[in-house]
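Fold and contact review
The residues making up each chain are set out below.
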Amino acid sequence: MRVVSLLPSATEICYAIGVEPVGVSHECDWPPQAADRPSINRSRIDPDQDSAAINEQVAQAEHEYGGVYEIKLDALERADPDVIITQGVCDVCAVDTLLVEDALAQTDVDAEIVTSDVHSLDDLYADVERLGAVLDREDRASEFVADLRARVNAVRGRTDAIDREDRPSVAVLDWLDPVMIAGHWMPELVAAAGGSYPLAEAGDRSTPRAWSEIRDADPDVLVAAPCGFDLEQTLDSERDLTDRPGFSDLSAVQSGRVHAMDGHHFVNRPGPRLVDTLESLAGLIHPAAFDDPPADVARSIRPPSSEPDGPTH
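Bear in mind the structure is a predicted one, so any value in this text is a computation, not a measurement.

Observations concerning the sheet that holds strand E2 (residues 23-24)
Reading across the sheet, the 4 strands line up as E2-E1-E5-E6 and stay open at both edges, with parallel pairing between neighbours. The outermost strands of the open sheet, each flanked by one partner alone, are E2 and strand E6 (112-116). As judged from the 3 bridges shared by strand E1 (residues 3-5) and strand E5 (residues 83-87), these two strands associate in the parallel manner. Looking across to E5, one finds that Ser5 is bridged to Ile85. Where helix H1 (residues 8-16) meets the sheet, it contacts E1, E2 and E5, and its direction lies at approximately 140° from that of E1.

A short note on the packing of aromatic side chains
Counting across every chain of the model gives 1 aromatic pair. Here Arg158 stacks its cationic end above the ring of Phe290, 4.0 Å away from the centre of that ring. Here the basic side chain of Arg273 rests over the ring of Phe266, its NZ or CZ set 5.0 Å away from the ring centre.

Describing the pattern of salt bridges
A complete count under the given rule lists 13 salt bridges for this structure. Of the charged contacts in the structure, one is a salt bridge between Arg244 and Asp177, with a shortest N-O distance of 3.9 Å. Of this pair, Arg244 sits in the loop between helix H10 (239-242) and helix H11 (251-254) while Asp177 sits in the loop between strand E7 (170-176) and strand E8 (179-181); the two residues are 67 residues apart in sequence, bridging distant segments of the chain. Overall, the relative accessible area of 31% leaves Asp177 in the partly exposed class. The salt bridge involving Glu213 is made with Arg209; its shortest N-O contact spans 3.5 Å. One continuous salt-bridge network, built from bridges that share partners, spans Glu12, Asp29, Arg269 and Arg273.

Considerations on the environment of Asp204
Along the polypeptide, Asp204 turns up in the loop between helix H7 (186-192) and strand E9 (207-208). When sequence neighbours within four positions are dropped, the list of residues in contact with Asp204 reads Gly183 and His184.

Description of the sheet that holds strand E12 (residues 298-300)
Hydrogen bonds between backbone atoms are what pair the strands of a sheet, whose relative direction is either parallel or antiparallel. Ordered by their spatial adjacency, 6 strands build an open sheet running E9-E8-E7-E10-E11-E12, and the pairing between neighbours is mixed. Looking along the sheet, the strands with just one partner apiece sit at the ends: E9 and E12. Sheet topology note: the strand E10 (residues 221-224)/strand E11 (residues 258-261) ladder contains 3 bridges and is parallel. Among the inter-strand pairings, Leu222 is bridged to a residue of E11, identified as Val258. Across the sheet, helix H13 (residues 274-285) touches E7, E10, E11 and E12, and the angle it forms with E11 is around 165°.

Overview of the nonpolar core
One broad trend across soluble globular proteins is that nonpolar side chains are buried collectively. Membership of the largest hydrophobic core comes to 70 residues, with the highest contact counts inside it found for Val172, Met186, Tyr197, Leu222 and Met261. The element contributing the most residues to this core is H13, with 7 residues. Excluding anything up to four places from it in sequence, Met186 contacts Val172, Tyr197, Val267 and Leu281. By size, the runner-up hydrophobic cluster in this structure holds 17 residues, among which are Val68, Ala75, Val100 and Ala103.

Regarding the packing of helix H5 (residues 121-134) against helix H6 (residues 138-159)
It is the contact of H5 with H6, at a shortest axis distance of 7 Å, that shows an interaxial angle of 165°. The angle between H5 and H6 falls in the class roughly antiparallel. As H5 runs across H6, the sense of the crossing is right-handed. Residue-level inspection shows Leu121, Asp122, Tyr125, Val128, Glu129, Gly132 and Ala133 of H5 in contact with H6, the latter providing Glu138, Ala141, Ser142, Phe144, Val145, Leu148, Arg149, Val152 and Arg156. Tallied by class, the residues present in the contact of H5 with H6 amount to 9 nonpolar, 2 polar and 5 charged.

Digging into the packing of H6 against H13
In contact at an axis separation of 10 Å, H6 and H13 are set at 15° when each is read in the N-to-C sense. In terms of orientation, H6 and H13 fall into the roughly parallel class. Remark: the crossing between H6 and H13 carries left-handed chirality. Contacts between H6 and H13 pair Leu148, Arg151, Val152 and Val155 from the former with Val275, Asp276, Leu278, Glu279 and Ala282 from the latter.

The rules behind the values
Position numbers for residues start from 1 in each chain and track the written sequence from start to end. Local features are withheld for residues below a pLDDT of 70 in this predicted model, meaning they are given only at 70 or higher, and side-chain atom pairs are given and counted only at 80 or more; totals for whole chains, interfaces and linings count all residues. Heavy atoms from the whole structure form the basis of all side-chain values; hydrogens and water molecules are not counted. At least two DSSP bridges between two strands are needed for those strands to be called paired. Helical segments are the DSSP runs of H or I of at least four residues, strand segments are the runs of E of at least two, and each set is numbered from the N terminus. Should any heavy atoms of two residues lie within 4.5 Å, those residues are considered in contact. The angle between two axes is taken between their N-to-C directions and runs from 0 to 180 degrees, where each axis is a line fitted to C-alpha atoms and a helix contributes only its stretch in contact. Between 30 and 60 degrees the pair is tilted, below 30 it is stacked and above 60 it is edge-to-face, where a pair is any two Phe, Tyr or Trp rings, Trp via its six-membered ring, whose centres lie within 6.5 Å. Charge-over-ring placement is defined geometrically: NZ (Lys) or CZ (Arg) within 6 Å of the ring centre, and within 35 degrees of the ring normal. One speaks of a salt bridge when a side-chain nitrogen belonging to Lys or Arg is within 4 Å of a carboxyl oxygen belonging to Asp or Glu. Throughout, exposure labels follow a simple rule: accessible area from a 1.4 Å probe, protein chains only, divided by the maximum for the residue type, with under 20% read as buried, over 50% as exposed, and the rest as partly exposed. For the purposes of this section, nonpolar cores are sets of buried Ala, Val, Leu, Ile, Met, Phe, Trp, Tyr and Cys residues that join through side-chain atoms within 4.5 Å. When describing relative orientation, an angle under 35 degrees is termed roughly parallel and one over 145 degrees roughly antiparallel, while 65 to 115 degrees is termed roughly perpendicular and anything else oblique. Left-handed describes a crossing in which the near helix is turned anticlockwise from the far one by less than a right angle; the clockwise case is right-handed. Polarity classes work like this: nonpolar for Ala, Val, Leu, Ile, Met, Phe, Trp, Tyr, Cys and Pro, charged for Asp, Glu, Lys and Arg, and polar for all others, with Gly in that last group.

Shown next, in the form of C-alpha cells:
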C-alpha cells in the first residue's frame, strides 16, 4: 500500500507500525529516515524568523493565498498514493483535509484521505489503532498502543497519590509573541505529570493570552515551547519572554523553574512522542521524584541578569 503522510505525528506512527511512506510533508523529520522521503508540500513561511515575524507571515499567507501551505501537485502525482494522511486540528500547524481534497480534485490521483484529529491521549491511541486498520498493521498497532499506555500508566501510578496542594501550577506557552497557552493534550499531560494547569482545560484549543493573564496566574513552573521551534531556536528567542514586564517577579522565575522545551517535536506534535513529553514534564514538575529530561528536550531559561549555564533544574 502506497501511503503519503502530510502530518509529522502520523509519519512517526507509520514508521512505528512498520509502514514507510512514499511521500511526506516538509516537516516530517522523525524518525531520521523520514526526512529523506519525497516532500509533497511546501510552506510559505520562513521558519527561521522570530515569533512576531512568523506571526505576521502567517497572517499575510492567509490573506494572499488562503493558507500557509501548498501541495506540490507534480510530487503528489509521482507518489501516486493509495492513502493520504492529513489532519483537522490546525491549518497553520500542518496541511489540512480541505487542502488535500482540493489537490486531489486537480489531479488523477485516486486516494483515500484519512484525517487525524488528536486532542488527547485517548485520541492518540485511537489514531494508532485506526491507522493500523487502514494500513493492514492491526497487530503492530495494538502492541504499540499497549506499550504507550504502559508508559503513561507508570507515570500516573507515581503522581496519582500527590495531594492537590502539592501539585505545582504549570503554564506551557506554545507561542511567545503573541503569548499563547498550549491546549489540546497539554492540560492532560501536565495533570498526569503531577501538576495543575489553571489557564486551560483538557481539550481546549491553544489560545492567545494577554501577558497580564500569565502574570496574574503566576505559575510555579513555566515552559516555553513555541510551535515549530526546536530547543535551540526557542533558547535563541527567549528574550521574547524574559524581556516582558514583570517576568523576573514570577514565582517560576524566582524559584528557577522556567524552562525551554523542544516544542516542534515534543509539545506541538500529537504523535507517539507525547509519552516522551509526559515523562519529561514529570521531571520538570517533580524533579525530586523523576529523572531530568534529556538535554536536547528541555533546558533552563534564566533572567538576562542571571549567571549562564547550570543544571536543568
